[in-house]
Amino acid sequence: MTTAPPSPRVLPHPTRDEIRLDSVLHALSDPVRLRIVSELADAEAALSCSRFDLPVTKSTTTHHFRVLRESGVIQQVYEGTAKMNGLRREDLDALFPGLLDALLVAARRQAARDAQA
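About the thresholds
- Residues numbered from 1 in each chain as written.
- Predicted model: local features only at pLDDT ≥ 70, side-chain atom pairs only at ≥ 80, totals over all residues.
- Heavy atoms only, no water.
- Helix = DSSP H or I, 4+ residues; strand = E, 2+ residues; numbered from the N terminus.
- Buried < 20%, exposed > 50% of the residue type's maximum accessible area, 1.4 Å probe, protein only.
- Phe/Tyr/Trp six-rings, centres within 6.5 Å; stacked < 30°, edge-to-face > 60°.
- Lys NZ or Arg CZ within 6 Å of the ring centre and 35° of its normal.
- Pairing = 2+ DSSP bridges.
- Contact = heavy atoms within 4.5 Å.
- Axes fitted to C-alpha atoms, helices over the stretch in contact; angles between N-to-C directions.

The name recorded for the protein in an unreviewed UniProt entry is HTH arsR-type domain-containing protein, from Streptomyces erythrogriseus.

1. Side note on the environment of R51
Structurally, the position occupied by R51 is in the loop between β1 (47-48) and α3 (58-71). A relative accessible area of 60% places R51 in the exposed class. Considering only alpha carbons, one finds R51 and M84, 33 residues apart in sequence, at a separation of 9.7 Å.

2. Considering the packing of aromatic side chains
Ring pairs (aromatic) are described by centroid distance and by the angle formed between their planes. Under the counting rule described, the total for this entry stands at one aromatic pair. Seen in terms of ring centroids, F52 and F65 are 5.4 Å apart; in terms of plane orientation they differ by 70°. Their pairing is edge-to-face. One end of the pair, F52, is in the loop between β1 and α3; the other, F65, is in helix α3, with 13 residues separating them in the sequence. The pair F52 / F65 is uniform in exposure class, with both members buried. Its end group placed over the ring of Y78, R9 keeps NZ or CZ at 3.8 Å from the ring centre.

3. Topic: the sheet that holds strand β2 (residues 74-79)
Reading across the sheet, the three strands line up as β1-β3-β2 and stay open at both edges, with antiparallel pairing between neighbours. At either margin of the open sheet sits one strand with a lone partner, and together these are β1 and β2. As paired strands, β2 and strand β3 (residues 82-87) are joined by six bridges and run antiparallel to one another. The residue of β3 that forms the bridge with V77 is M84. With respect to the sheet, helix α2 (residues 31-42) is in contact with β1, β2 and β3, its orientation differing from that of β3 by roughly 80°.

This is how it looks when you write it as structure tokens:
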């Protein structure tokens, strides 16, 4: 029996055991990626890439989503032609309890300070 090659529509993701703190922190160190994660944390469902209004080019947006996916911060799946993005909160909370919430609170406080300046 031969195995069919993997579909190009299935994106590679790290397993929970493969997610590393340094990769997560690197992914979340960029303001654009932190903004994506904040929007996903506030969403009640997965969001398509086109739902994000980011101040970067489309190719740079693609790069940011790839960094988040490859670090294990988000899960991406295709639904038809849309690439849907969801936060891997359960995995992140299990591996690094409180980290995601602390970073999101800190990011919101910083954004509030920046808006006042």
